[in-house]
Structure formats: C-alpha cells, structure tokens
Amino acid sequence: MKKLLIIAMACYGLHATAQTRESKNFLYLYSDSIVYARDIKFRPDFSGNIRLKVDSRSYPTTQVKFFNSKDGFFANTRKFGVLKRGEFSERIIEGRINVYQEKTVSYSPFIYDANHNSNPHFINSPSPSIRIDMYYNKGFDDLKKLNYRNLKNDMSDNKESMDMLHAYRKSMNTSNILYTAATASLAAGIISFVSNGKSGFSKSNYSTSIGLAVVGLGFAAGGYLNTVSAGRKLENAVEIYNE
C-alpha cells in the first residue's frame, strides 16, 4: 500500500511539473530545443522583418516551430504558404489532437494600446467563416491540414470519431453537389436573361430567368447550411477523439 502511495505521488508530481512547464513562456525551435522566457513579444528588426523577442534575445520567426505566451499557444504555419514567412496559428483545441486556427502576425507602429504605447498585434485572417485555414497535430509533431484525408489516418484507432468523420465527408459531398447545382442554375438564369434581353422580354421569359436565379440561390443557401453542419460534425469528431 505504501509503495502504491509513493508511486501515485510521484506520478502526480510529474504531472504537476509538466503543467507548470506548459504554463511558462517558451519557444520550441525547429531544432527541437526549448527556450524559456519571462516575456515574449513580436518586434521588427531594422529590415522590417518580424522577430520574436525573448527577454534580451530575439529569434527570427522561421526558427520557431511553436511558442507559448500569455496570449496563448501558437504554431508556425510558414510551410503552408507560398512565401516562406513566419505566420502562426493559435491552438483553439488542446488534447490528443490539437487544433489550430491561422492568425497572421502584423506589426502596426501607428496602432496604440490603452496606455498609448506602440504594440504589435495579432490580426485574424479575413477569411469567411466557411473557409478558415485550420491545422492540427499531436504533441509537438509537424502540423497537418485539418481535412478528411489526414484525419482518417490519425483517428483510425477510434471508431466513434471515424463514424463522425464519415458523416462529415458525406455532408461536404452534399454541399459540393448543392454548390454545383447553384452555379449551374445561376448561370442558366443569367444566360436566359441576356438572351431574352436581346430578343425582347416577355412576361413568361422574364419569369423563367428570375425563377432559375431564385432556384440557384436556394441551392447556394442549402450548400452553406450543409457546410456549417459539416463543420460541427468535424468538430465533434475531434472532441470525441480527445475524450
């Protein structure tokens, strides 16, 4: 009994130490080394390139794979862009699978905080909600695009997650069909409208053109709602896996 108690206390101590280290500010470099710090800030160098200032030192963002600060935990997504610049995604789900949402680092010297000090800012990417750049990983592994093809391999050991993932794929396939139908209907409506405009409108022809456009908008709305529903299924798949 005493041995079991000692083992339990040792495990608790290791867990507490891991949590404490996770709560600290640190950089995780591509070289797999970790740099702990009191404070981490973004600052431009004399060339205008953004660097991570860690106490009295600074690092180019291209060397930093992950970093943890008072603002959250972030991962470098530079390899997913055409330009090899440092862009970071914020971890929005933590667990066996960590999910990240892309954010772009921008230094704005003419933007001031409440104390009227120059301050670098995180600015959310201006992407519409149905097309957000999302990534995931396990532990400190390299990031992957958050999509069905990647997740089906990393979630294969959890049947419930896989079932939800398959439901997500079916919903996305339905959305694609609806968007295709919407494009076809709207195109047909425009062609009909232009053609009837040249030959002279009649009430019947005009109604046909408008009808095709309305049907197209209906398909588009259905596609959007189905995409939103698919997004919830994907989130549920990740949450089930992390339980």
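The following paragraphs examine the structure supplied in this document.

The rules we used
Residues numbered from 1 in each chain as written. Predicted model: local features only at pLDDT ≥ 70, side-chain atom pairs only at ≥ 80, totals over all residues. Heavy atoms only, no water. Salt bridge = Lys/Arg side-chain N within 4 Å of Asp/Glu carboxyl O. Buried < 20%, exposed > 50% of the residue type's maximum accessible area, 1.4 Å probe, protein only. Helix = DSSP H or I, 4+ residues; strand = E, 2+ residues; numbered from the N terminus. Pairing = 2+ DSSP bridges. Core = buried A, V, L, I, M, F, W, Y, C linked by side-chain atoms within 4.5 Å. Contact = heavy atoms within 4.5 Å. Patch = residues over 30% accessible without salt bridge, like charges linked within 9 Å, V, L, I, M, F, W, Y side chains within 5 Å. Areas by Shrake-Rupley, 256 points an atom, 1.4 Å probe, with all protein chains shown as cover.

### Focus on the pattern of salt bridges
Inspection of every chain in the model, using the stated rule, returns seven salt bridges. A salt bridge links Arg-91 to Glu-94; the nearest nitrogen and oxygen atoms lie 3.6 Å apart. Classification of Arg-91 by relative accessible area gives buried; the value is 18%. Residue classification places Glu-94 among the exposed residues on the basis of a relative accessible area of 54%.

### What to know about the pairing of strand S8 (residues 88-93)
The element S8 is largely enclosed, with a buried count of five among its six residues. The sheet contact formed by strand S7 (residues 72-76) and S8 spans three bridges and is antiparallel. Bridged to Ala-75 within S8 is Ser-89.

### Thoughts on the nonpolar core
It is characteristic of soluble globular proteins that their nonpolar side chains tend to be buried jointly. Ile-97, Leu-151, Met-155 and Leu-165 are the most contacted members of the largest nonpolar core, which has 16 residues in total. Here this core gets five residues from one element, more than from any other, and that element is helix H4 (residues 203-242). Leaving out residues up to four positions away in the same chain, Met-155 has contacts with Ile-97, Ser-161, Met-162, Leu-165, Ala-237, Val-238 and Tyr-241. Leu-29, Val-35, Ala-37 and Phe-42 belong to the second-largest nonpolar core, a separate cluster that totals 13 residues.

### Quick notes on a nonpolar patch on the surface
Residues Ile-190, Phe-193, Val-194, Tyr-206, Ile-210 and Val-214 make up a contiguous nonpolar surface patch of roughly 550 Å² in combined accessible area. Of all elements in the fold, only helix H3 (159-199) and H4 reach the threshold of two or more residues within the nonpolar patch. For Phe-193, the location among the structural elements is in helix H3.

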